Amino acid sequence: MTRAQRKRDHINYALSTGQQDKAGFEDIKFVHQSLPNTALGETGLQSRIGELSLSSPIFVNAMTGGGGEYTSKINGDLSLLAKETGIALAVGSQMSALKSPDERRTYEIVRKNNPEGIIFANLGSEATVQQANEAVEMVKADALQIHLNVIQELTMPEGDRDFRGALERIGEISERLRVPVIVKETGFGISKEAARALSETSVSAIDVGGYGGTNFSKIENQRRQRMLDFFDDWGIPTAVSIVEAYSASDLPIMASGGIRNSLEIVKALSLGACSVGMAGAILRSIVDKGLTDTIEEVNEIHTDIRYLMCALGCEKIEDLHDVPMIISGQVHHWMKVRGLE
Ligand code: FNR
């Protein structure tokens, strides 16, 4: 199977799996406030991820790049979406472009289309410092995402089987790179133990990439003869993972994994996240509805976040960290068992 075919398969299976999984946000309820003392016009969406300043708390998380025309077209659309709506964009893993320079243009187009935007480069934890520098240079990135994807690799027939030394490599890259390093999961969540270990390195932020959305076990199992389907419901739901990581680390915590709408975005921010990533939901919209409607949808999400902030008495994104909420069900149980209350 060629790399282009594999990337196409990933997109198609991402669109057809994982939508029934729960990221935990149904267990979070806000306490209504009748005297919020705010005005819609005073609410603002400016956000920060450590030293990075952003005009929106949402970003498009890493998906495509490399491959054939199909993925190239999607990457082009995602970069135009980011430009039109002012949101940051992470490119998909650039390892293939580091190995096959003819794939570089499918990544470079993202910077070409959006010269002023915030762009994250992306590599796996097997990368070297030199590869990290090249990936950043390729898209003139403002930060580098390093993804952790043990379960995907194990379920991928041609995947890695040796995960030793990842933390040390991440530590070295984050010390030596000139841009911030964001470590992200890819749909299985970051535990408090992993967050604590990462915060002892020079990493700048953690994206919890929790369970409840795109499910790489389900995706890869579609491509296997003998399924490893015990991994299909493996992982820390995103709402739980935000609390796990936030409790264990002073680093900025970013939230992603199964986030589909403005209410879930605001809940993720209120649990402690500084920024919220969406991958599958944006991909679905681009493929099913096209670029123009997706731009409209993201603009509506921005408006709706401001309505929710107004109702909750918050003018700034960081004010959301202090709003009262009730946590029930599985998320509450998990917090109790893990000592996160
Ligand atoms: C991804 N994701 C991903 N992540 C990463 O760090 N590098 C990558 O190359 C990719 N590739 C990729 C392809 C496709 C088609 C999808 C849908 C996703 C994972 C992505 O960034 C995110 O962590 C997960 O998809 C969980 O978020 P959602 O999709 O539930 O919002």
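Residues numbered from 1 in each chain as written. Predicted model: local features only at pLDDT ≥ 70, side-chain atom pairs only at ≥ 80, totals over all residues.

- The chain goes by Isopentenyl-diphosphate delta-isomerase in an unreviewed UniProt entry, where it is assigned to Rossellomorea oryzaecorticis.
- Under the Function (unreviewed entry) heading, UniProt states for the chain: "Involved in the biosynthesis of isoprenoids. Catalyzes the 1,3-allylic rearrangement of the homoallylic substrate isopentenyl (IPP) to its allylic isomer, dimethylallyl diphosphate (DMAPP)."
- UniProt annotates the chain under Catalytic activity (unreviewed entry) with the comment "isopentenyl diphosphate = dimethylallyl diphosphate". (UniProt positions renumbered as here; feature names shortened; annotations may be inferred.)

**Describing the pairing of strand E10 (residues 253–256)**
Phase 1: Burial along E10 is two-sided: the residues Ile253 and Ala255 and Met254 and Ser256 are all buried.
Phase 2: In terms of strand pairing, strand E9 (residues 205–207) meets E10 through 2 bridges, oriented parallel. When the bridges of E10 are listed, Asp207 appears paired with Met254.
Phase 3: Pairing geometry for E10 and strand E11 (residues 275–278), over 3 bridges, is parallel. Considered in E11, the bridge of Ser256 is made with Gly277.
Phase 4: Of the crossover connections in this fold, the one passing from E10 over helix H11 (residues 262–270) to the parallel E11 is right-handed. (Buried ≥ 20, exposed ≤ 12 C-beta atoms within 10 Å, placed from the backbone. Helix = DSSP H or I, 4+ residues; strand = E, 2+ residues; numbered from the N terminus. Pairing = 2+ DSSP bridges. Right-handed = clockwise from strand over helix to strand, strands pointing away.)

**Quick word on the UniProt feature "binding site: substrate" (unreviewed entry) in the chain**
Phase 1: Annotation from UniProt places "binding site: substrate" (unreviewed entry) at Arg6, Lys7 and Gln152. On the basis of their most widely separated C-alpha atoms, the annotated residues across 147 residues gather in one place, lying no more than 13.6 Å apart.
Phase 2: For Arg6, the location among the structural elements is in helix H1 (residues 3–16).
Phase 3: Relative to the assigned elements, Lys7 resides in helix H1.
Phase 4: Under the C-beta neighbour-count criterion, Lys7 is labelled buried, with 24 such atoms within 10 Å.
Phase 5: Setting aside anything within four residues of it in sequence, one finds Lys7 in contact with Thr64, Gly66, Gly67 and Thr71. (Contact = placed C-beta atoms within 7 Å.)

**Some thoughts on the UniProt feature "domain: FMN-dependent dehydrogenase" (unreviewed entry) in the chain**
Phase 1: Taking the UniProt record as the reference, the feature "domain: FMN-dependent dehydrogenase" (unreviewed entry) is found at residues 166–321.
Phase 2: The distance from the first to the last C-alpha atom of residues 166–321 is 31 Å, and the span holds 49% helix and 10% strand.

**Overview of unusual backbone geometry**
Phase 1: For Asn37, which is not a glycine, the phi torsion comes out positive at approximately 55 degrees.
Phase 2: As for its placement among the helices and strands, Asn37 is situated in the loop between strand E1 (28–30) and strand E2 (47–49).
Phase 3: Judged by the 7 C-beta atoms lying within 10 Å of it, Asn37 is exposed.
Phase 4: If you check the backbone angles, Lys140 has positive phi at about 45 degrees while not being a glycine.
Phase 5: Within the secondary structure, Lys140 is located in the loop between helix H5 (129–138) and strand E7 (143–148).

**Things to note about the packing of H1 against helix H12 (residues 280–289)**
Angle between the axes and distance between the axes are the two parameters that describe a pair of packed helices.
Phase 1: At a minimum axis separation of 10 Å, H1 and H12 run at an interaxial angle of 100 degrees. Regarding the angle of H1 to H12, the classification is roughly perpendicular. Note on element contacts: H12 touches H1 through Gly280, Leu283, Arg284 and Val287, opposite Ile11, Ala14 and Leu15.
Phase 2: Split into classes, the residues belonging to the contact of H1 with H12 amount to 5 nonpolar, 1 polar and 1 charged. (Axes fitted to C-alpha atoms, helices over the stretch in contact; angles between N-to-C directions. Parallel < 35°, antiparallel > 145°, perpendicular 65-115°, else oblique. Nonpolar A, V, L, I, M, F, W, Y, C, P; charged D, E, K, R; others polar.)

**Regarding the packing of H12 against helix H13 (residues 291–311)**
Phase 1: Contact geometry for H12 and H13: axes closest at 7 Å, N-to-C directions at 140 degrees. The orientation of H12 with respect to H13, classified from their angle, is oblique. Two secondary-structure elements touch here, H12 through Ile282, Ser285, Ile286 and Lys289 and H13 through Leu291, Asp293, Thr294 and Glu297.

**Topic: the environment of Val110**
Phase 1: Topologically, Val110 is positioned in helix H4 (residues 104–113).
Phase 2: Residues Val110 and Gly165, 55 residues apart in the sequence, show an inter-C-alpha distance of 31 Å.
Phase 3: Ignoring anything within four residues of it in the chain, the contact list for Val110 reads Asn75, Ser79, Leu89, Val91, Ile119 and Val139.

**What to know about the site of the ligand**
Phase 1: Close to the ligand lie 26 residues, the nearest being His147, Gly213, Thr214, Ala279 and Gly280.
Phase 2: The set of elements that each furnish at least two residues to the shell around the ligand consists of H1, E7 and H12.
Phase 3: Split by residue class, the shell around the ligand holds 9 nonpolar, 16 polar and 1 charged. (Near = placed C-beta within 6 Å.)

**Some thoughts on the pairing of E7**
Phase 1: Burial within E7 is extensive, with 6 of its 6 residues counted as buried.
Phase 2: Of the two faces of E7, the one carrying Ala143, Gln145 and His147 and the one carrying Leu144, Ile146 and Leu148 are both buried.
Phase 3: Bridge analysis of strand E6 (residues 119–124) against E7 gives 5 bridges, and the strand direction is parallel. Bridging across to E7, Gly124 finds its partner in His147.

**Considering the sheet that holds E6**
Phase 1: Strand order in the closed barrel formed by 8 strands is E4-E5-E6-E7-E8-E9-E10-E11, and the pairing between neighbours is parallel. Within this sheet the neighbouring strands show an average axis-to-axis angle of 25 degrees, counted without direction.
Phase 2: With 2 bridges joining them, strand E5 (residues 88–90) and E6 adopt parallel strand pairing. Residue pairing across strands places Ala90 opposite Phe120, the latter belonging to E6.
Phase 3: Sitting on the sheet, helix H2 (residues 69–85) is in contact with strand E4 (58–60) and E5, with an inclination near 160 degrees to E5.
Phase 4: This element, H5, spans E6 and E7 of the sheet and lies at about 150 degrees to E6.

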